[in-house]
Amino acid sequence: MLQIRGLKVAYGHIQALHGIDLDAKAGEITAIIGSNGAGKTSTLMAISGLAPITGGEIKFEGQTISAIPAHAITRLGITHILEGRQLFADQSVEDNLILGGYSRIGKDKAAVMAAVEREMDRFPILRQRRKQQAGTLSGGEQQMLAMSRGLMSEPKFLLMDEPSMGLAPLIVQEIARTIRMLKDSGRAILLVEQMAAVALGLADRAYVLESGKVTITGTGAELARDPEVKRAYLGG
Amino acid sequence: MFANIWQAVISGLSIGSIYALIAQGYYVTYITTSTLNFGQGEFLMIGAMIGLTAYVVLGVPFPLALLIAVVATGLMGIALERIAIRPVLRHVLTHSWVLSTLAISIILKNGAVSLWGPEQIRFPSPFGEEVLKIGNAGIFPQELFIIVCALGTVAAVQLFLKKSILGKAMMAVAHNRNAAAVMGIDVKRMVILAFMLSSALAGLGGILIAPVTFAWAYMGTVPGIKAFAAAIFGGLENPVGILIGGLLIGLLEQLFGVINSNLKEGITFLFILIMLAFRPTGLMGRRTVEKV
């Protein structure tokens, strides 16, 4: 579904990615793990059109997307759920969801409004908070809203950056359950996580990034057994 | 004396609502791009001159002349974004937009002088010059028209930003560019829209105020600065504060004008200096609480 070859990203003189290869297959969860500054977020941002690509190629369903602007990439069926939720804090929960469906609201407003209801069924707390400003939600509620907002565009392929960040363990479990459900509904997911154990438990395939390079790849289970991964990312 | 004060209040609200109108233009470009068009006053002037040409010279009906002025300045706003904003914003941490928008304002002033001459030209009010008696004050109907039209437009802009999908998308860009982009919102197009809206608001202000102040190439400079004061004074990211700021500045200068018309602007700005010393972020500076 997604093929990355020799991808390089640089911010001015700072090279974030030094030419990485990565494949994400339809119907699978692909995970990227690694420490802070390894280039995980840059990889996702390059795919969604937010990071400056200086070399290499990204193909989605056979089409080269490396030069397409972010808003147009969303229309191809890729949605990026950004690190740190990045909600529109001054706007209501409902408006955040509606804006998530912005790419198709001109064509079919009824479908967008139906999707708002569907997301509120997925996370009933969002229905209770419907008219509240998104900035007033708790961390867990914000993550739910961020995921729902991302799903409003009916993506085929989801990029998720650190969905567990700053959340209590129980909520992390709920988020993980939702990610698995999304996979079961046929979506491909590229997941970036600091919590390597959670990510490898979910992943069909996983990549370890270090200083802008892929160092280890394998299935989620293989990486979870890998002594190097165990030592560096799973706490022994 | 009482009649004077009452008259100053109406005039103050009238001129103040023009400041508020232009200042809303500063607001929309500031929230979407963190830049201001320091040529807003000249867009006001262009609105007045185009309105004058259409209404007086060509004899077009006033509502149509108003529409022409607003559309023309709106289109010039698109050009402004392309020429003076987008090229300099390629570098994130630049303040070159201050210079580039001032450059545009000087070019517009020069252009206006060569096109329309340097004289002050009378712009007859479509509502006539007959003075209305309200209480014992004499008021021009144009002044009332200005208040209704300018405040109505400010309300319409707020309604657009809060209620329409396009307006909500523009606010989303203002709040978080990256998040807006991954929702499928074309950020570049929203920025163009912001400059178009901002310039059209100034253009509308121009054709509204010209019957009161006359139309001429240098008419925009002082209102541009006062609208800037209204925007800062009100709190640049707070549309309600900006509205109050504009009306207050208009009221203050007209009321001080009753006492001493030579000192009215000096006293008004002295008042603003004192206020800023107590509230550096303005009257209603933004204080939002955001959970992380």
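Our subject is the structure that appears above.
The structure displayed is predicted, hence computed values, not measured ones.

Caption draft 1: The arrangement of the overall build of chain B in detail. Helices and strands together make up the secondary structure of chain B, namely 11 helices and 2 strands. Counting from the amino terminus, helix and strand elements in chain B follow one another as α-α-α-α-β-β-α-α-α-α-α-α-α. Taken against the 2.2 N^0.38 rule, which gives 19 Å for 292 residues, the C-alpha radius of gyration of chain B at 19 Å falls within 12% of a compact globule. Its C-alpha atoms put chain B at 60 × 45 × 35 Å along the principal axes. For chain B, buried positions account for 52% of its 292 residues. Across chain B, contacts joining residues at least 24 apart in sequence account for 74% of those joining residues at least 6 apart. For chain B, the computed accessible surface area is about 13000 Å², with 70% contributed by carbon and sulfur atoms. Computing the positive centroid from 18 side-chain charges and the negative centroid from 11, chain B places the two 12 Å apart.

Caption draft 2: Region of the structure containing the sheet that holds strand β10 (residues 213–219) of chain A. Residues and elements named next belong to chain A. If you trace the 6 strands from one edge of the open sheet to the other, you get β6-β7-β8-β3-β9-β10, paired in mixed fashion. Each edge of the open sheet carries a strand with a single partner, namely β6 (78–81) and β10. Neighbour-to-neighbour, the strand axes of the sheet open up by a mean angle of 15°, direction not taken into account. In the sheet, strand β7 (residues 157–161) pairs with strand β8 (residues 188–193) via 5 bridges, with the strands oriented parallel. In the strand pairing of β8, M160 is matched with L191. Against the sheet, helix α8 (residues 169–184) touches β3 (29–33), β7 and β8, its axis set at about 155° to β8.

Rules behind the numbers
- Residues numbered from 1 in each chain as written.
- Chains lettered and ligands numbered in written order.
- Predicted model: local features only at pLDDT ≥ 70, side-chain atom pairs only at ≥ 80, totals over all residues.
- Heavy atoms only, no water.
- Helix = DSSP H or I, 4+ residues; strand = E, 2+ residues; numbered from the N terminus.
- Rg over C-alpha atoms; globule rule 2.2 N^0.38 Å.
- Buried < 20%, exposed > 50% of the residue type's maximum accessible area, 1.4 Å probe, protein only.
- Contact = heavy atoms within 4.5 Å.
- Areas by Shrake-Rupley, 256 points an atom, 1.4 Å probe, with all protein chains shown as cover.
- Lys, Arg positive; Asp, Glu negative; His and termini not counted.
- Charge placed at Lys NZ, Arg CZ, Asp CG, Glu CD.
- Pairing = 2+ DSSP bridges.
- Axes fitted to C-alpha atoms, helices over the stretch in contact; angles between N-to-C directions.

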